[in-house]
Amino acid sequence: MNITFIGLGIMGKRMALNLLQSDATVTVWNRSPEPIAELGKAGAQTAATPAEAVAVADLVLSMLSTPEVVEAVFLGAGGALSHMPEGATWIDCSTVNPTFSLRCDALARETGVQFIDAPVVGTKPHAEKAELTIITGATEEEIAPFAPYLNYMGQTVLKLGGRSRGSAFKMLINTLLAQSMAAFAETVKLGEAMGLPRDFLLDNLPKSPVVAPFLKAKAELIRKGDFEAQFPLEWMQKDLHLATLCAYEAGQPMPLANAAKELYALAKAKGLERADFSAVYKIL
């Protein structure tokens, strides 16, 4: 199978590197050239443009930062979608809102391309170890031809059936993720303000049954003051924006998510956009 991977950021680069272990011919493209060169040295075919990258692809995987970037790379005039062969499949692993996934699906159908939304759950370490959960808006039958390749990148592939359901579920996951991190950071700060030692708080709060398991690792980042991005804060704020957009479209009040969105926006405005999203602790 000829597979093209577009988008070689923190997650995409590691996913593509794992995909090279398969029997597929893997072609890569990225907006900045450095990751392309790295993947080329690792054994991937490289392309100069999205159009060149997808020209003979059976499967195109994309992992891009925002709906706007997906739009520019795939849907604009002369974008990648218009150069994909009829009968090919486009699996978008980007975190985007469900309405946007439905638009991608409609435009792909017009060109004879199958579209599947398939965002992933996990951060940099999970991508490196191929431990991602891949959430697909597809049926078992639709995903079956590609499952062996997805398994090189993730340990679980969910099939939710119906376009945009993968994107919808990812909105819920990241809403919980963002709010859990903010609540933990705020709670640690309160403990410090009441005179409890920070190390005691970071040692013992993550052991509580009411704390999300991922916060044990984030507590260590806070302890060390190491906020190198595993999941950039600016993308967490973007995901909360998309989740609240979904809520607006669905007529569902989201007061806590909106408050968290503005907290991450404040951190972004303070220059923490490229730090890990756990750096929200620093502005409290």
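One structure accompanies this document, and this report is about it.

Quick notes on the rules
- Residues numbered from 1 in each chain as written.
- Predicted model: local features only at pLDDT ≥ 70, side-chain atom pairs only at ≥ 80, totals over all residues.
- Heavy atoms only, no water.
- Helix = DSSP H or I, 4+ residues; strand = E, 2+ residues; numbered from the N terminus.
- Rg over C-alpha atoms; globule rule 2.2 N^0.38 Å.
- Buried < 20%, exposed > 50% of the residue type's maximum accessible area, 1.4 Å probe, protein only.
- Contact = heavy atoms within 4.5 Å.
- 1 Å grid on protein atoms, 1.4 Å probe; cavity = no way out; pocket = protein on both sides within 12 Å on 5 of 7 lines; lining within 4 Å.
- Points joined across faces, edges and corners; volume = space filled by probe spheres on them.
- Nonpolar A, V, L, I, M, F, W, Y, C, P; charged D, E, K, R; others polar.
- Pairing = 2+ DSSP bridges.
- Axes fitted to C-alpha atoms, helices over the stretch in contact; angles between N-to-C directions.
- Arc of directions from axis to C-beta.

1. Regarding the overall build of the chain
Helix and strand content of the chain: 13 helices and 9 strands. Over its C-alpha atoms the chain spans a radius of gyration of 20 Å, differing by no more than 12% from the 19 Å that the globule rule assigns to 284 residues. Looking at the chain as a whole, 51% of its 284 residues qualify as buried. If you take every contact in the chain between residues at least 6 apart in sequence, the share linking residues at least 24 apart comes to 66%.

2. Examining the layout of surface pockets
Here the largest pocket is characterised by a volume of approximately 1,100 Å³. Contributing elements (two or more residues each) for the lining of the largest pocket: helix H1 (10–19), strand S7 (120–121), helix H6 (124–128), helix H9 (165–193), helix H11 (215–224) and helix H12 (233–250). Counting residues per element, the lining of the largest pocket draws most heavily on H9, which supplies 5 residues. Of the residues belonging to the lining of the largest pocket, the class tally is 19 nonpolar, 15 polar and 8 charged.

3. Some details on the sheet that holds strand S1 (residues 2–6)
Backbone-to-backbone hydrogen bonds pair the strands of a sheet. The strands run either parallel or antiparallel. Strand order in the open sheet made by the 6 strands is S3-S2-S1-S4-S5-S6, with parallel pairing throughout. Edge positions in the sheet fall to strand S3 (45–46) and strand S6 (114–117), since each of these pairs with one other strand and no more. Relative to strand S4 (residues 59–62), S1 runs parallel, the two sharing 4 bridges. Bridging across to S4, Thr4 finds its partner in Val60. Lying over the sheet, H1 contacts S1, strand S2 (25–29) and S4, oriented at roughly 165° with respect to S1. On the sheet, helix H4 (residues 67–75) packs against S1, S2, S4 and strand S5 (89–92) and is oriented at approximately 165° with respect to S5.

4. Observations concerning helix H2 (residues 33–42)
All of the buried residues in H2 are Pro35, Ile36 and Leu39. Here the buried residues of H2 occupy an arc of 105° about the axis, which is enough to place them on one side. Projecting away from the buried face of H2 at angles above 90 degrees are the exposed residues Pro33, Glu34 and Lys41. Summarising the contacts, the buried residues of H2 are in contact with H1, S2 and S3.

5. Description of the sheet that holds S7
The 3 strands are arranged S7-S8-S9 in an open sheet whose pairing can be described as mixed. Looking at the sheet topology across the chains shown, the edges are occupied by S7 and strand S9 (154–159). On the sheet, H9 packs against S7 and strand S8 (132–136) and is oriented at approximately 135° with respect to S8.

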